[in-house]
Amino acid sequence: MKRPHYAWAVCLGGALSLFSIIGLGINIFSVYQPYIIAQNGFSDAQGSLITTTRSLFTLAAMLTVNQLCARLGLRRVMTLGMGLMVLSCAAFGLAGSFPVYCGAAALTGLAYGYGGMVPLSLAVGHWFRDRRSFALGLAAAGSGVSTIFAPALITRAIEAWGMTAAFLLEGAFILALTLLVWLLVRDSPEALGLQPYHLGGPAAPLPPPRPRPEGAAPALWRSVLLCAFLIGAPAGPGFSHLTMLYTTSGYDSMTVAALLSYLGFMICVGKIVCGQVYDALGGRLANRYTFCIFFAGFLLCCMAPLGGVPLAFAAMTLFGLGLPISAVPFASWAGDLLGDEGYEGAVRSLTVAYALGMLLFGPAAGALADLTGSYVPAYAFFAALLAVSLYLIQRAYRKTGAGLRPAGRRRGADGG
């Protein structure tokens, strides 16, 4: 039996990093947020400012992550991100004032920047020449796995022992996973005397690098960055305020926890499917699939005040299938629109633009809720931004001729 390529072990290490940082640190924070607001007497705007602080420090980390990866290596930087996540859990557990909560959120933001999608995308770029989108989607699904099981467990832990105990237990668990990430991740296949994974196996020559397409003008690339910036609103605060949307619409805490658990399952499915779709259909058709599903999910979220558990689960189904818009497509856009030579810089630029969108739009949901008494206007606003961003990215693909359906897919041994 042929031994799997070590690239899949690196993929597993990336999945564990995202399980901890994005899954437990970012996604599951929405479980804590209503308790933090209620127990400390914070306003909705203050609750949004905590997540906005996180986004600010995510942006700061993303501005330096490429340089840090080049200096320290991907393995060390991803482990650093995990360690910062452990410190963040401890700080949240011991917080007793609004500034301390913001400080803890800042640590989460740094962890996200150093242990999140940028180093994972770079690792996939180093280790995979074929099936990059699938590998990235598979690893990114790790963030959804934690969202399946953790919401109900954390809700019970908070109600039984309090927020401090819940945060500290979470931090101890992430500390154990940090060691596993250190053991699994390696910077490049050359460090182990291997070639990158590619279909056809080690005996077959590596496929040639993808060139930059004609027509990829700087102005057009700026419109793609604007698209990533706009996505930061629905995929960032749009996700993190789901608990507030459904809690303020009359759903009880355990129902909301069940919705988040189901959402976690759909995120896992969505990211794996999204990776397969981008590999199989090409970026142009895959963009339509991802954007339209996510847009439909936001429309159903706007119906939350109507009540009804089936409607809420339908919203989470589409939301989870569409949420990979913030993870998988960026690597595909980078390769399609700037080629392999510009891949690493393009991934960072897209992720920075996305983080800037999360930062600047972060207070919008809470501010609109304070103004209107409902989170529904914010979700309608986020849906409109999705429509604009779809137009921008498809315009870039049309003008460059990139992202067409592959003419054929080579098949070979997975030992690559």
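Just so it is clear, the model here is predicted, and its values are computed rather than measured.

Caption draft 1: Region of the structure containing the packing of aromatic side chains. Taken as a whole and assessed by the stated rule, the structure comprises 27 aromatic pairs. Centroid distance Trp-8 to Phe-128: 4.9 Å. Interplanar angle 70°. Geometry classified as edge-to-face. Separated by 120 residues along the polypeptide, Trp-8 in helix H1 (residues 7-27) and Phe-128 in the loop between helix H6 (117-127) and helix H7 (132-140) bring together distant segments of the chain. Pair check on accessibility: Trp-8 and Phe-128 agree, each one buried. A ring pair is formed by Tyr-379 and Phe-382, whose centres lie 5.8 Å apart and whose planes are at 70°; its orientation type is edge-to-face. Of the two residues, Tyr-379 and Phe-382 are both situated in helix H19 (residues 376-400); the distance of three residues between them amounts to about one turn of the helix. Residue Tyr-379 shares its accessibility class with Phe-382, and that shared class is buried. A connected cluster of aromatic rings, assembled from ring pairs, spans Phe-229, Phe-239, Phe-294, Phe-298, Phe-319, Phe-361, Tyr-379, Phe-381 and Phe-382. Over the ring of Trp-182 we find Arg-75; its NZ or CZ atom is 3.7 Å from the centre of that ring.

Caption draft 2: Molecular detail of helix H9 (residues 163-184). With 22 residues, H9 ought to run about 32 Å at 1.5 Å a step, and its terminal C-alpha atoms sit 32 Å apart, in line with that. The set of residues buried in H9 consists of Met-163, Ala-166, Phe-167, Glu-170, Gly-171, Ile-174, Leu-177, Thr-178, Val-181 and Leu-184. Along the axis of H9, the buried positions cluster into a sector of 135°, meaning they face one direction only. Residues of H9 that are exposed and point over 90 degrees away from its buried face: Leu-169, Leu-175 and Leu-179. Looking at the buried residues of H9, the elements they touch are H1, helix H2 (29-40), helix H4 (74-94), helix H5 (98-115) and helix H8 (142-161).

Cut-offs applied
- Residues numbered from 1 in each chain as written.
- Predicted model: local features only at pLDDT ≥ 70, side-chain atom pairs only at ≥ 80, totals over all residues.
- Heavy atoms only, no water.
- Phe/Tyr/Trp six-rings, centres within 6.5 Å; stacked < 30°, edge-to-face > 60°.
- Helix = DSSP H or I, 4+ residues; strand = E, 2+ residues; numbered from the N terminus.
- Buried < 20%, exposed > 50% of the residue type's maximum accessible area, 1.4 Å probe, protein only.
- Lys NZ or Arg CZ within 6 Å of the ring centre and 35° of its normal.
- Expected span 1.5 Å × (residues − 1).
- Arc of directions from axis to C-beta.
- Contact = heavy atoms within 4.5 Å.

Don't take any of this as a statement about function, it's just geometry.
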